[in-house]
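Coordinate inspection notes
Here are the chains, one letter per residue:
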Amino acid sequence: MTTGNNILNALPASFDKLPIPQPSTVLDSKGKVIATFYEQNRDPVKLEDISPYMRKAIVSVEDERFYEHSGVDPRGIARAAMSNITSTSRQGASTLTQQYVNNLLINNQELTGSEDSTVPGNKDYADKIREIRYSVAIENEMTKDEILEGYLNLVLFSGREYGVQAAAQRFYSVDAKDLNLQQSAMLAGMVQLPNVYNPLTNPERSKDRRDKVLGNMLRAGAITREEYDEAVASDLETDPSVAQSGCIAAGDSGHFCDYVSRLITSDEAFGKTKEDRTNLLYRGGLTIKTTLDSSAQKVAAKEARKMVDPSDDSNLGTAIVSVEPGTGNILAMAQNKYYNPEVSDENSEFNFSVSRALGGSGGFQGGSTLKPYTTLAWLHEGHNMWDKVDTSLRAYSTSYNWKASCLPGGSTRVGSPWTPQNAVKYPNSMTVADGLYWSVNSATIREASQVDLCTITDYLTKLGVLNHEPYKNEDGETVYEPRPISPQYPSFVIGGSGQITPLSQAAAFAAFANKGKYCEPRALTSVTDADGTEYKVKGESCEQVIDEQIVADMNGTLQKIATQRVSKGRVPGPIAGKTGTNNKATSTWFVGYTTGMSTAAWVGRHKDQGLDVRNTTVNGQRYGWVDSATFAAPLWTNYMSQVAGNYERESFGNARSAPKPKPSPKPQESDDSDDSSPSSSPSASANPQESDNDSGGNSSERPEADQQGSPSDEDED
């Protein structure tokens, strides 16, 4: 037969005290709290930061001989035993030290999955003996004040509020050090039965319990009669506040917060399994410092919702994301839809700016925002911005070979005749600069036909612009992983295939602002846990991927687009950028930048992407023709006009100019002149009426006839 002494001797004298769950906090770039993650809302404080009234109250009601016993109180055990024999109610005999041990064991059990009983009422004889042995050991390891501090930071007060600091904030919106007598007594009374004595749901029982605690304090000499009388006469006078857990409490930064949380839970630097990483986020007391500029974020969210109301019947989405050139730091990430799991047209947990793996909706067609990558390839292969291209070819047959050195056979063909259109009539010859400025489909396509398509896609890949469109693998399974944009289908050069994310575009165009140096976008600057342990986060990762002169040459044109056709003086420069609209205007863009901030503004359908946006009523106004000038470019301008001035605005470098033509030799005078001197025959001016021309991309990956657009007097993408 096992005796008590045998059990006592068989148990270890101490146990491993596993880390106490603490909330993790996400901070912006200046240290402002964005959100808090917790399973147990706890904010540990030092004993000196806990009101003396609170310390006296908890000792008076839970263990009045706390400073006299050595972890176990024989007198208390005898008193409880006698009370339990002579009364119908049950009285416990656990000291504060035993309760502290019990709470530590509960914590260990939750972390390890142990089935050891720690719940009062479910303990057997061996459980109580173990608790006593551990309590005696704890008393030998810690001072009384250390035990009291540990207990007050560990114990459950209500719901998910653990520890006195969280409880003080929950019920009185004050710090633990500022609790008065009656507040302290109320909180001390709660720990016995947190739900029963909750002042918000059971105010009468809570007050009765509070007054009992005050009586205990009076009898113990912890307070005077005058203090007691005044406290008992007072009402509960709660002033509750709620500390919500997770990104739903992050307000305008909800989707950025979600992006950050997914970075943590998807990175093995924070744990071997996703479960480990999630536990660390909610229990590890992490301090997560981010790159977010909250002032820019506030403006971005305001303008995104102003452009298209979240509850508008059109259900259009808007997104703004800003990246800092030279660092890759994400400065803002906002959209018109609220971050909320509740199903509603005005809510969306999907982040329009990022990939599916990190909570995104999977990207959108890029339209003419992809044209600069063809320009880069054109310049890379030795051509110039002033070179003229023949734009008279408006149809490409299935026998036309497009150079693509990275594909089998070194070339590709369209699967069916491709007859891309322009929005309005253009001359049959124009410079590359004019073609980019007016976003002429036939000009970009003609350039692409004269370079290696793989040079274009190589730039896209190096600049982080990937295709997020799902595809079937060899086993017929749907794959959602992003992949490089393929040169197999030439329509990609005008954004007619693939799906790209606003974040990738903002980061890629940031390289245009940074003299060709691309920096991977990043949101985390540091992550440390409650013990000060630092976790590895991605630092600045930058690489020169475009020749400085090439990007300066292209910026010469992109600067004119942003300055003359989009901003028109509203955004302090220098600025540059490119418009974009796909078929049916389901995806419209302006991606523009200064040397200090690159911003992608997107407006379109995040659902029902096959549904035409033209002839749609938005914010009470009907729009017959829709392109990037309708929503996306104004959104960019409204936002950047308020925030761009807070960041560097330097020159983009000097674009090369076309060499001056050599003067023609002076003709010799002749009496035989037949009055047939050559007349000058200048090429047609590439200065057509402004219109939207980049809604000519086709939404399928196989090129087909492009949509014929209607002119706009504002913008032509």
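Report follows, based on the coordinates. Just so we're clear, the structure is a prediction, and the values are computed from it rather than from any experiment.

1. Quick look at the side chain of Q505
With respect to the helices and strands, Q505 occurs in helix α18 (residues 502-513). Side-chain polar atoms of Q505 contact the side chain of Y373, separated by 2.7 Å. In contact with Q505, not counting residues within four places along its chain, are T369, L370, Y373, V465, I500, W589 and V591.

2. Regarding the nonpolar core
Core analysis: the biggest nonpolar cluster contains 129 residues, and Y373, I456, L463, F512 and Y639 have the highest contact counts within it. With 9 residues, the single largest contributor to this core is α18. Core analysis: the next-biggest nonpolar cluster, separate from the first, contains 47 residues, I50, V164, L181 and Y197 among them.

3. A word on the environment of S491
For S491, the location among the structural elements is in the loop between β15 (483-484) and α18. Residues S491 and A448, spaced 43 residues apart in sequence, show a C-alpha to C-alpha distance of 9.9 Å.

4. Section: the packing of helix α14 (residues 371-380) against helix α16 (residues 441-449)
Remark: α14 packs on α16, axes separated minimally by 9 Å, with the N-to-C direction vectors making an angle of 40°. Taken together, α14 and α16 sit at an angle that is classed as oblique. By crossing handedness, the relation of α14 to α16 is classed as left-handed. Contacts between α14 and α16 involve K371, T374, T375 and W378 from the first element and N441, T444, E447 and A448 from the second. Across the contact of α14 with α16, the residue classes tally to 2 nonpolar, 4 polar and 2 charged.

5. Here's the deal with the sheet that holds strand β22 (residues 598-604)
Strand order in the open sheet formed by 5 strands is β7-β6-β22-β21-β20, and the pairing between neighbours is antiparallel. Both outer strands of the open sheet, β7 (330-335) and β20 (576-581), are each paired with one neighbouring strand and no more. Each strand of the sheet is rotated relative to its neighbour by a mean of 5°, with strand direction disregarded. Taken together, the 6 bridges between β20 and strand β21 (residues 587-593) define a ladder with antiparallel strand orientation. Of the residues in β21, the one forming a bridge with K578 is V591.

6. A closer look at the pairing of β7
Taken across its 6 residues, β7 has 6 buried, putting it largely inside the fold. Pairing geometry for strand β6 (residues 317-323) and β7, over 5 bridges, is antiparallel. Among the inter-strand pairings, S322 is bridged to a residue of β7, identified as A332. The loop that links β6 with its antiparallel partner β7 comprises 6 residues; one of these, G326, has a positive phi angle of about 95°.

7. A word on unusual backbone geometry
The linkage connecting G573 with the following residue, P574, adopts the cis geometry, with an omega of 5°. Its place among the elements puts P574 in the loop between α19 (548-567) and β20. Despite not being glycine, S439 shows a phi value in the positive range, around 55°. Within the element layout of this structure, S439 appears in the loop between α15 (432-437) and α16. Accessibility expressed as a relative area gives 0% for S439, which makes it buried. Located in the positive-phi region is K568, a residue other than glycine, with phi close to 50°. Locating K568 in the fold gives a position in the loop between α19 and β20.

Rules and cut-offs
- Residues numbered from 1 in each chain as written.
- Predicted model: local features only at pLDDT ≥ 70, side-chain atom pairs only at ≥ 80, totals over all residues.
- Heavy atoms only, no water.
- Helix = DSSP H or I, 4+ residues; strand = E, 2+ residues; numbered from the N terminus.
- Polar contact = N/O pair within 3.5 Å; in protein donor to acceptor, adjacent residues only side chain to side chain.
- Contact = heavy atoms within 4.5 Å.
- Core = buried A, V, L, I, M, F, W, Y, C linked by side-chain atoms within 4.5 Å.
- Buried < 20%, exposed > 50% of the residue type's maximum accessible area, 1.4 Å probe, protein only.
- Axes fitted to C-alpha atoms, helices over the stretch in contact; angles between N-to-C directions.
- Parallel < 35°, antiparallel > 145°, perpendicular 65-115°, else oblique.
- Left-handed = near helix turned anticlockwise from the far one by under 90°.
- Nonpolar A, V, L, I, M, F, W, Y, C, P; charged D, E, K, R; others polar.
- Pairing = 2+ DSSP bridges.

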